[in-house]
Amino acid sequence: IKRSGGHASDIAESVRSHALQVPELEPLRGWETVKEPTDDERDMFELADALGSVRVNTIQVSPDVPRADVIRRLAGVCRRAAEHSLTIAFEPRAHSPVRTPAAAAALVADTGSPNLRLVLDAYHFHRVDLGSAALDAVPAELVCSLHLNDMLAVPHADAAEDALDYRLAPGDGVIDLPAWLRRL
């Protein structure tokens, strides 16, 4: 926010002027590599407060962080988020160290944070080719948000490029979204 010269209150005023709501913000990233809260985290929480958001989505980007550090640092993010009455929604992604809903659910359990939940993205779930039975490993109460989208029958080799440049609108690809949603 501050890098662009703006303030959270300016953004919130603009959102309100259009009679809009912003229930979630994303992405909060980089927390896994630092011991202290980042400016991005503080800015995200300030913006969430100004907008009345209830959730901040996060991802793990860096693969070279010991799991114990990831757990401890994510729990710290959750503690700080709780001070703002925020839920942190962790998203497993195809090109992330935490690729599957089961791995993400284990991370949630290991942090012990009551305000940590999961966001499941149809594209990322299907990109790692898990099959809908993989949802059985995720307690339904952990899921707080869904990203509905679709994908090509043959994804591009680079998972990040595929996610950014070739993700499709719901119903325009090969994901059987109704079946996936029923399995949740």
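Along each chain, residues carry numbers from 1 onward, in the same order as the chain's sequence is written. Restriction of local features to residues with pLDDT of at least 70 applies here, the model being predicted, together with a cutoff of 80 or more for giving and counting side-chain atom pairs; totals for whole chains, interfaces and linings are based on all residues. Side-chain numbers here rest on the full set of heavy atoms in the structure, without hydrogens or water.

**As for helix H1 (residues 8–17)**
Exposure is judged per residue with a 1.4 Å probe applied to protein chains only, and the accessible area is read against the type maximum: over 50% gives exposed, under 20% gives buried, and values in between give partly exposed. In DSSP terms, a helix is any run of H or I states spanning at least four residues, a strand is any run of E spanning at least two, and both are numbered starting from the N terminus. Listing the buried residues of H1 in full gives Ala8, Ala12 and Val15. Seen from one end, H1 has its buried residues packed into an arc of 60 degrees, which puts them on one side. What points out from H1, more than 90 degrees from its buried face, is the exposed set Glu13 and Ser17. Residue contacts are defined here by distance: any two heavy atoms, one from each residue, within 4.5 Å place the two residues in contact. Turning to H1, the residues buried within the fold contact helix H2 (39–51). After H1 finishes, the residue Ala19 shows a positive phi value of roughly 55 degrees. The directions from the helix axis to the C-beta atoms form the arc being described.

**Overview of the nonpolar core**
One finds Phe45, Val56, Leu74, Ile88, Phe90 and Leu118 to be the most contacted residues of the largest nonpolar core, which totals 31 residues. Elements with a minimum of two residues in this core: H1, strand S1 (24–28), H2, helix H3 (67–82), strand S3 (87–90), helix H4 (101–111) and strand S4 (116–121). Of the residues forming this core, the biggest block, six residues, is contributed by H3. What Leu74 contacts, discounting residues up to four positions off in sequence, is Trp31, Thr58, Ile88, Phe90, Leu107, Thr111 and Leu116. Buried Ala, Val, Leu, Ile, Met, Phe, Trp, Tyr and Cys residues that are joined via side-chain atoms within 4.5 Å together make up what is termed a nonpolar core. By size, the runner-up hydrophobic cluster in this structure holds ten residues, among which are Tyr123, Phe125, Leu135 and Ala163.

**Digging into a nonpolar patch on the surface**
Without a salt bridge and with relative accessible area above 30%, a residue can belong to a patch; like charges are then joined within 9 Å and nonpolar side chains (Val, Leu, Ile, Met, Phe, Trp, Tyr) within 5 Å. The method behind every accessible area is Shrake-Rupley, applied with a 1.4 Å probe, and residues are considered shielded solely by the protein chains displayed. Whenever a carboxyl oxygen of Asp or Glu lies within 4 Å of a side-chain nitrogen of Lys or Arg, that contact is scored as a salt bridge. There is a patch of nonpolar side chains on the surface, built from Leu146, Leu148, Leu181 and Leu184 and spanning about 290 Å² of accessible area. Tracing the backbone shows Leu146 in strand S5 (residues 143–147).

**Comments concerning the packing of H3 against H4**
The convention used is that axes are lines fitted to C-alpha atoms, helices contributing only their stretch in contact, and that angles between N-to-C directions extend from 0 to 180 degrees. In the contact formed by H3 and H4, the axes pass within 9 Å of each other and the chain directions differ by 65 degrees. Relative to H4, the element H3 is oriented roughly perpendicular. Handedness of the H3/H4 crossing: right-handed. When H3 is examined against H4, the residues Arg67, Val70, Ile71, Leu74 and Ala75 are found in contact with a partner set consisting of Ala106, Leu107, Asp110 and Thr111. Polar here means any residue outside two lists: the nonpolar Ala, Val, Leu, Ile, Met, Phe, Trp, Tyr, Cys and Pro, and the charged Asp, Glu, Lys and Arg; Gly therefore counts as polar. Of the residues in the contact of H3 with H4, the class split is six nonpolar, one polar and two charged. Any angle that falls under 35 degrees is termed roughly parallel, while one over 145 is termed roughly antiparallel, one within 65 to 115 roughly perpendicular, and all others oblique. It is the rotation of the near helix from the far one that decides the hand of a crossing: anticlockwise by less than a right angle makes it left-handed, clockwise makes it right-handed.

**Considering the sheet that holds strand S2 (residues 55–58)**
Neighbouring strands of a sheet are bound in pairs by backbone hydrogen bonds; such pairs are parallel or else antiparallel. Pairing is parallel in the open sheet, where five strands are placed in the order S1-S2-S3-S4-S5. Strand pairing shows two members of the sheet lacking a second neighbour, S1 and S5, which therefore form its edges. On average, adjacent strands in this sheet sit at an angle of 30 degrees to one another, irrespective of strand direction. Looking at chain direction, S3 and S4 are connected through three bridges and run parallel. Residue pairing across strands places Ala89 opposite Arg117, the latter belonging to S4. Packing of H2 onto the sheet brings it into contact with S1, S2 and S3, and relative to S1 it is tilted by some 175 degrees. Across the sheet, H3 lies against S1, S2, S3 and S4, angled at about 145 degrees from S3, the strand it touches most. Here, a strand pair is defined by DSSP locating no fewer than two bridges between the strands.

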